[in-house]
Each structure stands twice: as structure tokens, then as C-alpha cells.
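# Results of the structural survey
Chain residues, written in single-letter form:
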Amino acid sequence: MTESLRVVVADDEPDVREYFAETLAELGHQVLAAAATGDELLAACRRHSPDLLVTDIRMPGGDGLSVARTYAAERFTPTIVVTAYHDQATLAEASEPHVFSYLVKPIERPQLEAALTIAWLRYRQFSSLRGEADSLRQALEDRKLIERAKGLLMQQAGISEEEAFRRLQKSARNENKKLAEVASALITAARVLGA
Amino acid sequence: MSSATPHAAPSVWRTFLAYALPCAAILAIASWAAWQGQWERRLSDLRQAEEKRLALQAESIVRDFAAARTDLELLAEEAALRRALTTGASVDWAAAAAAFRVFSEKKQFYDQVRFLDPTGLEVLRINLVNGEAVVVPEADLQRKDDRYYVQAALALPRGKVFVSPFDLNVEDDQIEQPLKPTIRFAAGVFDADGSRRGIVVLNYLGREMLQRFVRFGAGGPGRSMLLNAEGFWLYAGDPAREWGFMYSDRQDVRFPVVYSTATELWQTEVGQQRTPQGLFTWETIHPLAEARTDAETAEGSDLQWKAVSILPEDQLAETAAAIRSAVLRIAASGGMVLAVVCWVVARNAVARRASEASLVASESRFRQMAAAIAEVFWLCNADRSRFLYVSPAFANIWGAPSAVDVIDVWRAAVHPDDRAAADAAFERRGEPAAFSAEYRIVRPDGETRWIWDHGFPVRDDAGVVRGYAGIAEDVTRLHAAQDRLMQSERLAAVGEAITGLAHESRNALQRSQSCLEMLAKRIADRPEALGLAARVQDALRELHRLYERVREYAAPTTVRRAPHDISDLLRKTCDQLADLIASRGAEIVVERPPDGNLVCEVDGLGMVQVLRNVLENALSEELDAAVERTQVRIRVAFSTCRLQGRDAVRTIIEDNGPGLSADAVRRAFEPFYTTKVRGTGLGLAIAQRIVAAHGGELEATSEPGKGLNVSIVLPRSAG
């Protein structure tokens, strides 16, 4: 992978923290912080806003999964979990959208590398999909507003749909606003006027 | 009979009838014989009584006749009469009349006493009127020469007496009333020189004779009758029947007509006849039997009457009925007593039979049951020196026939280590409590079995211990199951412990791994050091594998079933082991049945693991040296079969390694047991657990030098 990621790692074992820091650096990434507890992890995330998290689960001061969940609610961040546990309960807990990979200790370097690459790839795809979804949603919202405005115009002014649409367009152009904005203003005005 | 079976109730009746009917028959016969006997005796008594009476009656008639005839003869020789005949003087005739009168008055039973002359003219006549003898005056004397008896008497020679028939006196062509039954006795009066001087006639009043006749017949059971020779009643007890021949309209009122059935009466002198009309007893009377002189009658010299006594049929029937009812009463009471006795006997007999039958049945049921149950049921005497009964299951469990001295065979089989426990069980004497002991026995074929021997004392009514009864069960499987349970509990504990160690071990392994990697980078320029690091890495990986194996074995086996073709799973396994197979250059031959459907509902991942463990075992290079194997050849054969009544698929994996000894084969599936230097000893154990979780069977057989043959049988579906 050519991209250099800004990563925060967490594990309660110092050897493992050292290992993560060294290996990730060798892979070309930036290790912004290495937390030893859950609280430290949360603080580090908030301070650095990393691209990616690599964390153990069982740690003093808050387990990795719940911290990741908390932080993902503030800012969606792809997470790789590295843990000794693979029981059903833990797996169920880890099945959340921001957990992109689950590795069972002991792991060797190749596994870490592969997991990072895939996780980031998935995240990118996920993001673009989400963006797409967002803009689609927005477009839908706008469409709804425009339709409502059109309806109001047609009703109040007694004009056809085409004519209504043209008027809106004209207004938008004139005021250098978006069509949806004009539509929204019209709707608000109509409400105030009691139509 | 408290536990009477459905067929016991009628059985009592049947037995009762079996006893009662013959008794009843005998009683009936005896009663009938008694009745007949009684009746016969009664009849005989009656006959005797009647005969006696009739004899008396006959005798009375004969005597009366004799008396009358004597009187006649007396009169014929009467001195006064003779003188009158000689002199002819009227004073003599008066004296003769007086003599006759006195005679009649004294006798009182001659209605008329007369002397007639040879022409038939009455010369003397004494009438008896109201008990007074009256001399009839000459003017009223009549001529009687037209009377038959006068004619007959006048014809009599000397010494002969004429007796008229017994009939009713007729006056002026009319039957004199009141009825006057009369017999006329007449005899001639002769001179010394034999010339007839006249006749003497006595009108004998039969009433008295009849009354005497009746008196002599009184007191008897029958009705007395007197008949003349033609069968007309002279005395019938019923006046309407008497003197039938005197009346023109009673000509058929005769005894033989009314009592037509009494035929024998007219044939014999004396007798008795029983007819539908009754019992007739008769005696023929010859009134003229006693005679010094010959008598002559209108019918000849013999006069015959019949004295009859009748016991009417209804009276007889009454008597018979009385006898019958008496006999019946006795028979009935006897019968009731007999019935009760028979009933009691029958009930006891049935009860005894029922209890015998139930005893036989229960004994037979006991034997059947004892023979059928798999456990050994035994009975022994009080000091346990001898068995009284050992059920056939002994032969199965001990593997020895049920010989006479079973107890020796029994005890000899006890495992040496358990002798003490077994002896403790055997040597309880007179102890009140039940006992229980477990010990092993060694069968003749070398197999060891666990026996659970438990029993209780059997007491008699006094509470004394008479012996012991108990059961010896083969609890080998139970022990094995207990062992397995303990083992699995141990393993469960181990599994829990191991799960608890998971975090630590993995973390420790991770630390080791991480540091080793970092170290390797730092000594990259020192090949010898790097080599050491590589060996550490190896050891670490192996440690990791070991941990994972143990975790696998200890973890509960979950089975998520889906239809899989077993041969497909084999292929997947071979793919996973591709590197190992290639490195060993192994040849794997797969045989499958031509139309075989190898689909089973199994946990795909689990079965892959099973196949993998078995194949890894077969591919192990440690096996090479023992058989000098240069080429690993593994044969996998699929087939369909049945397991516990269900369709199943069998997979056989056979290698050409050294195989295992019998001991090793038995222990092959033991966890941590391995013949290899480097092996966890868990592979086959894990495989067996997975197969067992599917409801299947994993077995291994081997002949030393001929490789190991592993058979996996999986039912097609979970049901």
C-alpha cells in the first residue's frame, strides 16, 4: 500500500505496543500514539483524529471495543481488533460497521500487513459509498422540496407545472441561489402567508 | 379365592355340579325307591287290613245264614207243631202258634214266621210288627201257592232247605216301604214216615245281617259293599244304588257296570286289584258254606255273594301324595344338606386347585421372567455356602455354564484385586440387612466385567433368616460410562481452565512472536544468530499449535448441519493439505460406489477437520521407517451402509504405515495418547468427538505391518 496512514494503537502489553509501533512504521505508516488503557486510547483519538485504529480488546480502563464504538459515533474510524479471544460473545460484540478486521493473537507481521491493506481499502469503498448515499439523500430531499414548491405555485398562481419550474429556476439564477434554497424559501413564505 | 380369576367363578359351579349331580341322582333314586317301597308297603298293609275285614264280614254273613237255617230246622221239628199236626186240635194249633210267637219275639229278626200246608195255604203266621210278634188270625191267612218260594219249598225233599234270593219284600205288587230286605228260608215238614205235612217259611230280615256286615267292615279305610252274584248291590252305602234288580229303571245299576275296571273281582275268590278307579279288595262269600244239610237256592245249590271294599282313586292318590310329600320333604332337607356340603367341598376343591394353578402359573412366570431378564437372579441358603437357584443369565454373564457347584465357579471368577470386597459380600451370615457389593470377574475368555451384587435376607414366619435372595448385574457398561463421564468432566474442567488461560497464553505467545520478529530484524546480519531465532520461531509456532489443539479438544462441539457431499469435503481437505501431500509425495486413491449418494447433513467445517486429522495422521512421516515405506499410499473408500437403523455413509481411510498393536488401537482415541514422538495425541480424539456429536461412529482397526484402517460412519440426517 502506498498511502501513509495516521494510526493510533492500543495494547496493555508494552512489548506488543513496541512491536506495533516498529512494524507499522516499517510499513510506511505514522503511529501517532500507543495507548496502554482504554481511556488513553479515547483521549489519543480525540486529540489526533487518526485515519485508523489498531487495538486490543481486554485492557484496563475500558475495553477496546467500547472505546472504538464511542469514538466511531463521534467520527467514523476504521478499526482493526487484535485479541486473544475468539469466543462467540466477543465476536458478536465486534460485529459493528467500524470494525473492519478481527485478528486472533498471536499474529505475525504478514497478517498485520494484510489486515491493514484490506481494512483501508474497504474503508475507502465504504466512504465513497456513504458519500454517494449522502448526496443521493440530499438530492432526494431537494427533489421533494422542489416538488412541493411547484405544487404551491401551481395552486396559488394558477400556472402550469412547466411555468412554475421555470419561475423557480429564474429566481434561483437571479439570486444566485440553489434551486432547492429557493423552493424552501417559497414554502416558508407560503406558510407564513397562511396558504 | 381372593384372587379369583375370571374363570374361577363358573369353575366353582362346575365342580359343585360335578359333586352335586351324582349326589342328587343318588338321592333321587333313593327317594324314588323309598317312595315305591313305602307305597308298596302301604298297599300291602291296606290289603291285609281289607282282607281281614272282609273275612270278618264274610264270616258274619255265613254265621247269620247258619243261624237262620238252624232256626228253620228247629222250627220244622218244633214239638208243638208236631202235636198240632198229629192231633189237628185247635188248642194244639194255638199252642203251636204261641210257640212260634215266642220264637219270633225272642229272635226279633223274622218278619214272618209261617207254616203252610202242602197246598200252600198259610196255617200259622206270626208277623213281627214294631218288634212285637203277633199271631195273625185265621181270617187273614192267605193262600200262597203261587209264590215261587212256596212252590220250590213244597218240592224240597227231606233235609233240604230252600233259600230265596235276597231281595226286597213286595206287598201287593209294590215294594214295601220302608225297604225290607228279606231272605226266605223254607224247609219241608215231614212225618215220621216221610210224608209231607207242610213247609215252614221264615222271612229273614236281612237288615240286621246287613248292619252286622257293615259293623264288621267299619273302621277301615275303604268303602264296604256287598254284591250278589249278578253284581247288584245288596249293600252299597248309597241306597240309590241298592237293590237295582228290584226296579225296572235300575236294571243297569250294577257293580260291573259302574266299576267296569275291576275285572278280576269276578274271576277270583279273594283278591285285590288296583285300577284307575281305585283299589278293590274283595272276598267271595258262600253263605251256605256251613251246612249240615244241603241247601238249595233258586239258582242252584251254591249261593255266592261278594264282599267288596273300595278305596277310591282320589283317596289313594291322597295317600300316595302324602307319602310322596313326606318323602320329598325328607329328600329336600337331605338334598339341601347335601347341596351345602357339596358347595363347601366344591369351593374348597376349586380354591385348592386355583391356588395350585396360580402357584404353578406363578412359578412358570417366575421361571420365564428369571430366564428372560439379563441380570442373574439368585437364591442361596442362610450361610451362602450353596446356591438354591441361579437364573440362566449367569451363563451369559460369567461365560460359564450353570453347573452344579455354581458357587465355586462364581467365586473363582472374581478378580484377584476385588477378592476382599466379594468375600465380604459372600460371608455375611445371618445379618439382618440387605447388602451390596461391586467386584470384577474375569471370564474364561479373558474379558473383565464389573458385577454389582446386591441382595436381601429371606425370612420365615418366625423372622429367622432362611437364606438370601438377590441380583447380580453386569454393570460394566455403567462403569465405562461413569469413567467417560468423569473423563469428560475432567476435560470440561480442563477446558474451562484452558479457556481461562487463553488470554494469557495467547498474549504470551504474541509477545514472544513480536519480540522474536523484532529481534530477527536486528540480527539480520548474523546468520548463526538468525538461525537460532528461526528455531525459536518454530518452537513458538508448535507451542501455538499445541495450545490450539488442546483448546479445540476442550471446547464444546457445536454442530451446524447442512447437506454436504462427503467426497467434496474430502477434496476440500486435500486442498488444505495440498502442501503436505505434495511434500510427502503421497498417493491418495479414492473409491466411490457407482451410484452412491454421499450426501449427509453434517457440519462442513467439523467434518473437514475430522478428515484432516485422520489424513495428517496417515501422512505422518514418522511412520515411514517402521515399514520402510518409500511411497505413502492412502486409500479412501466411500460406501453406503446403515447405522442403528438409519441410512449412513461410511468413509474408510487406510494407510500403508506400520499399523498399531491391539493395545495401541484400543487407546488410539485417548486424548494425549500418541505413538509418535512429535504429536499432541489429540487429533483422533478430536475427530472422534466431532463424529460422535453427529451421531456417527469413528473406529480404527489395525494389523501390525498392514497399516491403520479408520472407519467413519455418518448418518445421513440428524433424525
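Quick caveat, the model's predicted, so the values are computed rather than measured. (Residues numbered from 1 in each chain as written. Chains lettered and ligands numbered in written order. Predicted model: local features only at pLDDT ≥ 70, side-chain atom pairs only at ≥ 80, totals over all residues. Heavy atoms only, no water.)

### Topic: the overall build of chain B
What counts is decided by this rule: Only runs of H or I of at least four residues qualify as helices and only runs of E of at least two qualify as strands under DSSP, and these elements are numbered from the N terminus. Throughout, exposure labels follow a simple rule: accessible area from a 1.4 Å probe, protein chains only, divided by the maximum for the residue type, with under 20% read as buried, over 50% as exposed, and the rest as partly exposed. Only the protein chains shown count as covering a residue, and every accessible area follows the Shrake-Rupley method with a 1.4 Å probe.
On a plain count of helices and strands, chain B comes out with 18 helices and 27 strands. Out of the 719 residues in chain B, the part that is buried amounts to 42%. Summing over all exposed atoms, chain B offers an accessible surface of approximately 37,400 Å²; the carbon and sulfur share of this is 55%.

### Considerations on the nonpolar core
All names here are of chain B. What counts, and what does not: Among the buried residues, those of types Ala, Val, Leu, Ile, Met, Phe, Trp, Tyr and Cys that are joined through side-chain atoms within 4.5 Å form a nonpolar core. We call two residues in contact when some of their heavy atoms are within 4.5 Å.
Counting 52 residues, the largest nonpolar core has Phe-65, Phe-185, Leu-226 and Trp-305 as the members making the most contacts within it. The element contributing the most residues to this core is helix H1 (residues 8-76), with nine residues. When near neighbours in sequence (up to four residues on either side) are disregarded, Leu-226 contacts Ile-61, Leu-210, Phe-213, Phe-232, Trp-233, Leu-234, Tyr-235, Ile-285, Trp-305, Lys-306 and Ala-307. Grouped together as the second largest cluster of nonpolar side chains are 46 residues, Leu-569, Met-607, Leu-660 and Ala-700 included.

### Some points on the interface of chain B and chain A
Put simply, the test is: Summed over both partners, the accessible area (1.4 Å probe) lost when two parts come together is defined as the buried area. One side-chain nitrogen of Lys or Arg within 4 Å of one carboxyl oxygen of Asp or Glu is enough to make a salt bridge. What qualifies as a polar contact is a pair of N or O atoms within 3.5 Å, subject to a donor-acceptor requirement within protein and to the restriction that residues adjacent in sequence count only when both atoms come from side chains. Residues are grouped as follows: Ala, Val, Leu, Ile, Met, Phe, Trp, Tyr, Cys and Pro are nonpolar; Asp, Glu, Lys and Arg are charged; all remaining types, including Gly, are polar.
Facing the 18 residues of chain B at the interface are 18 residues of chain A. Here chain B and chain A share an interface that buries about 1,800 Å² over both sides, 50% of which is from carbon and sulfur atoms. Arg-511 of chain B serves as the salt-bridge partner of Asp-15 of chain A, at 3.1 Å between the closest nitrogen and oxygen. The interface formed by chain B and chain A includes 13 residue pairs in polar contact (both at pLDDT 80 or more). Broken down by secondary-structure element, the contributors of at least two residues to the side of chain B that touches chain A are helix H11 (476-522) and helix H12 (527-554) of chain B. Residue composition of the side of chain B that touches chain A, grouped by class: four nonpolar, seven polar and seven charged.

### Things to note about the layout of surface pockets
All names here are of chain B. Formally: Every definition here rests on a 1 Å grid over the protein atoms only: cavities are sets of points where a 1.4 Å probe fits but cannot get out, pockets are open sets enclosed by protein on both sides within 12 Å along at least five of seven lines, and lining residues have some atom within 4 Å of a point. Grid points are joined across faces, edges and corners, and a volume is the space filled by probe spheres set on the points.
Considering only enclosed or pocket space, the second largest pocket measures out at about 1,200 Å³ in volume. Together, 30 residues line the second largest pocket, and Ala-480, Arg-484, Gln-487, Phe-669 and Gln-688 are the ones closest to its centre. Elements that contribute at least two residues to the lining of the second largest pocket include exactly H11, H12, helix H17 (662-667), helix H18 (683-693) and strand E26 (697-702). Among the elements that take part in the lining of the second largest pocket, H11 stands out by supplying 11 residues, more than any other. Here the residues of the lining of the second largest pocket sort into 16 nonpolar, six polar and eight charged.

### Side note on the sheet that holds strand E10 (residues 223-227) of chain B
Strands belonging to one sheet form pairs held by backbone hydrogen bonds; the direction of such a pair is parallel or antiparallel. All names here are of chain B. For clarity, the threshold we go by: At least two bridges found by DSSP between two strands are what make those strands a pair. Lines are fitted to the C-alpha atoms to define the axes, a helix being fitted only along its stretch in contact, and any angle between axes, read from their N-to-C directions, falls within 0 to 180 degrees.
The antiparallel open sheet is built from five strands, whose spatial order is E11-E10-E15-E13-E12. Strand pairing shows two members of the sheet lacking a second neighbour, strand E11 (233-235) and strand E12 (270-275), which therefore form its edges. When the angles between neighbouring strand axes are averaged without regard to direction, this sheet yields 30°. In this structure, E12 lies alongside strand E13 (residues 278-285), joined through six bridges in antiparallel fashion. By the bridge assignment for E13, Val-270 is matched with Glu-283. Contacts from helix H5 (residues 206-217) reach E10, E11, E13 and strand E15 (305-312), with the element oriented near 145° to E10. On the sheet, helix H7 (residues 313-372) packs against E12, E13 and E15 and is oriented at approximately 50° with respect to E15.

### Regarding the side chain of His-29 of chain A
Along the chain, His-29 of chain A turns up in the loop between helix H1 (14-26) and strand E2 (30-35). In this structure the side chain of His-29 of chain A is engaged in a polar contact, spanning 3.0 Å, whose partner is the backbone nitrogen of Leu-5 of chain A.

### A word on unusual backbone geometry
Most peptide bonds take the trans configuration, and most residues that are not glycine carry a negative phi. The omega torsion across Lys-105 of chain A and Pro-106 of chain A is 0°, close enough to zero to call that bond cis. Position of Pro-106 of chain A among the secondary structure elements: in the loop between strand E5 (99-104) and helix H5 (109-157). Here the residue pair Gln-177 of chain B and Pro-178 of chain B is connected by a cis peptide bond, since its omega of -5° sits within 30 degrees of zero. Residue position: Pro-178 of chain B is located in the loop between strand E7 (174-175) and strand E8 (181-190). For Gln-108 of chain B, which is not glycine, the phi dihedral falls at a positive 65°. Turning to its location among the elements, Gln-108 of chain B is positioned in the loop between helix H3 (90-107) and strand E1 (110-116).

### Considering the sheet that holds strand E24 (residues 633-643) of chain B
Residues and elements named next belong to chain B. The five strands lie next to each other as E22-E24-E25-E27-E26, forming an open sheet whose pairing is mixed. Looking at which strands have only one partner, the edges of the open sheet turn out to be strand E22 (587-591) and E26. This sheet shows a mean twist of 20° between the axes of neighbouring strands, independent of strand direction. As paired strands, E22 and E24 are joined by five bridges and run parallel to one another. Of the residues in E24, the one forming a bridge with Ile-588 is Ile-634. Contacting E22, E24, strand E25 (646-655) and strand E27 (708-715), helix H13 (residues 566-576) crosses the sheet at an angle of about 155° to E24.

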